[in-house]
Structure formats: structure tokens, C-alpha cells
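Tertiary structure, described
Now for the letters of each chain:
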Amino acid sequence: MIKVLGRDNSVNVQKVMWCAAELGLDVARDDVGGPFGGNHTDAFRAMNPNGTIPVLIDGELILWESNAIVRYLCDQYVTGPWALPSAQQTALAGQWMDWYLTTMHLPMTALFWQLVRTEAQARDEAKVDAAINEATKFWSILDQHLATRNFILGETLSMADIPLGSSAYRWHTMEFERPDLPNVKAWWDRLVERSTYRENVMIPLT
Ligand SMILES: N[C@@H](CCC(=O)N[C@@H](CS)C(=O)NCC(=O)O)C(=O)O
């Protein structure tokens, strides 16, 4: 059976678990990282020298980096509507997935640490404002893209939606004054309709 090492409140673990659920895969997840620890042992670092989660174990394969894991699950197990029809569509999915990791993830992580992991009285308001401004710039780009389609690649959900969709839960539930981005909100509402999303991504923010 496929195994995932990582606590369920990590956005990077959520990507993997949501993707696996969409593909109908049976996955066993172990709580590792954060308060559970276990990610700085020699045994764990032999699998992932970074000491980070998630790690996927599928037979002989041991894999880290959440986007790489999502790509692997789709390459290895995808069937039906999740199969991307062309190299062009696969490249566009990769574009939005990499954009999330290199661009959106940075202000979203800064915002999450300030609003969720820092006591109100210890928050740095300048950092909060900077993260909101930066994230708004990027969510606005996605909002424009989603003006003419229901999901990131068009009319059906695909791996392109996984990283940004996982982060969208945080964007819509953290407490701050959110700018009005109607197309991102409508897309997020479509994700929330899915039990796979609710069960694997909509986990209390801690
Ligand atoms: N780029 C990596 C980032 C991995 C990462 O930083 N994971 C965090 C959790 S989101 C982690 O391992 N933190 C240490 C811990 O949970 O103990 C990925 O996408 O998998």
C-alpha cells in the first residue's frame, strides 16, 4: 500500500492526500513532523535528507517534494478525466504548480505564520500587510485566469488545481480583510463541494 509520512495540517501533505483521494488511491498516512516529530531521525533523513514532510513510499520508490509526489501519482495512477490529453496541457499544469511553489507559497507562508502560528500581541503588522499585498497580487493573477474557466486548466479539475487549491483554503479562512476576488472565490466554492477536498484539505488551521 502507498504510504505518506506527514501530519495532516501541513499544506504540502494536504496536496498529496487530496490528490490521492481524487485518484481513488488507498493511502496510509503516518503523523510525522511538527509536534509529532520523527522527521529528524537518521532513518527519516535516509529517506529525505531535508528532514521535511511529506515523504511518499510506494514500493521501492521513496519520494519527497510535494509537487513531485503529485506529479508521480498522476503519472503512475491516473485514469479517466484526470488524464491530461497532451504535452501542452501537462506543461500548463506544471506552470501553475511551479508558480504556486516558487511564488504564491512565499507570501502565503508568511501570512500563515503571522496569523495562525503567532499570538495576536506578538504579530508584526508590517509583515502581515506585506504578505497580504503580495499574496493579493498573485491571487489577482489567478482571478483573471479563472474569469473564463471553472478550473485552472478548463472545465475539469486536474493536478494543476492541487497546490493552489490547497492554499486557497488558507486564503479563505484565515482572519484578515480579504480583497474581493470573485473568480477565485467561485473556484474555491467549487472545490469545497468535493468531499475529497473537505476531508483532506479543510483541516483546522494550527
Ligand atoms: N518544498 C517542500 C517543502 C516541505 C516542507 O517544508 N514541509 C514542512 C511542512 S509544510 C515541514 O516539513 N516542516 C517541518 C515539520 O513539519 O516538522 C514540499 O513541497 O514538499
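Computed from a predicted structure; not experimentally measured. Starting from 1, residues in each chain are numbered consecutively following that chain's sequence as written. In keeping with the model being predicted, local features are shown solely for residues with a pLDDT of at least 70 and side-chain atom pairs are shown and tallied solely at 80 or more, while totals for entire chains, interfaces and linings include all residues. Side-chain calculation: all heavy atoms of the structure are included, whereas hydrogens and water are not.

**Regarding the overall build of the chain**
- Within the chain, the regular secondary structure consists of 8 helices and 4 strands.
- Element order for the chain, N to C, with α for helix and β for strand: β-α-β-α-β-β-α-α-α-α-α-α.
- A radius of gyration in this sense is built from C-alpha atoms; the matching globule rule multiplies 2.2 Å by the number of residues raised to 0.38. For a compact globule of 206 residues, the expected C-alpha radius of gyration is about 17 Å, and the chain comes in at 17 Å, within 12% of that figure.
- Principal axes of the C-alpha set define a box for the chain whose edges measure 45 × 45 × 25 Å.
- The contact rule is simple, with two residues in contact once any of their heavy atoms fall within 4.5 Å. Residue pairs at least 24 apart in sequence account for 69% of intrachain contacts in the chain once pairs closer than 6 positions are excluded.
- Reported accessibility uses the Shrake-Rupley method at a 1.4 Å probe radius. Residues are deemed covered only where the shown protein chains occlude them. On the chain, roughly 9,900 Å² of surface is accessible, and the fraction owed to carbon and sulfur atoms is 52%.
- A positive count includes Lys and Arg, and a negative count includes Asp and Glu. His and the chain ends are not counted in either. The location of each charge is read from NZ of Lys, CZ of Arg, CG of Asp or CD of Glu. Separation of charge centres in the chain, based on 17 positive and 25 negative side chains, amounts to 1 Å. Secondary structure elements follow DSSP: runs of H or I of four or more residues count as helices, runs of E of two or more count as strands, with numbering from the N terminus.

**Things to note about the nonpolar core**
- Definition of nonpolar core: a set of buried residues of the types Ala, Val, Leu, Ile, Met, Phe, Trp, Tyr and Cys, connected through side-chain atoms within 4.5 Å. Throughout this description, buried means an accessible area under 20% of the type-specific maximum (1.4 Å probe, protein chains only), exposed means over 50%, and partly exposed covers the range between. Judged by nonpolar contacts, the single largest core of 63 residues is most densely connected at Leu-73, Leu-111, Trp-139, Leu-142, Leu-164 and Trp-187.
- Elements with a minimum of two residues in this core: strand 1 (2-5), helix 1 (11-22), strand 3 (55-58), helix 3 (66-77), helix 4 (87-115), helix 5 (125-145), helix 6 (161-173) and helix 7 (182-192).
- Residue contributions to this core peak at 10 residues, all from helix 4.
- Domain extents, as shown, originate in an automatic or database domain assignment. For this core, the domains that each give at least three residues are domain 1 (2-80) and domain 2 (84-198).

**A word on the side chain of Gln-114**
- In this structure, Gln-114 sits in helix 4.
- Residues contacting Gln-114, with those up to four places away along its chain left out, are Arg-123, Asp-124, Lys-127 and Val-128.

**Description of the domain arrangement of the chain**
- Partitioning the chain into domains gives domain 1 (2-80) and domain 2 (84-198).
- Centre-to-centre, using C-alpha coordinates, domain 1 lies 21 Å away from domain 2.
- On the domain 2 side, the residues contacting the 16 residues of domain 1 number 20 residues.
- Summed over both sides, the interface between domain 1 and domain 2 buries roughly 1,500 Å², with carbon and sulfur atoms accounting for 63% of that surface.
- By definition, the buried area sums, over both parts, the 1.4 Å-probe accessible area that each loses when the two are put together. If you sort the residues of domain 1 by the area they bury against domain 2, Val-11, Trp-18 and Arg-71 come out on top, with a joint share of 42%.
- Just to be clear on terms, a salt bridge is a Lys or Arg side-chain nitrogen sitting within 4 Å of an Asp or Glu carboxyl oxygen. Our count for the contact surface shared by domain 1 and domain 2 stands at 2 salt bridges.
- For Arg-194, the salt bridge identified is with Glu-22, shortest N-O distance 2.8 Å.
- Elements with a contribution of two residues or more to the side of domain 1 that touches domain 2: helix 1 and helix 3.
- Sorting elements by how many residues they give to the side of domain 1 that touches domain 2 places helix 1 first, with 8 residues.

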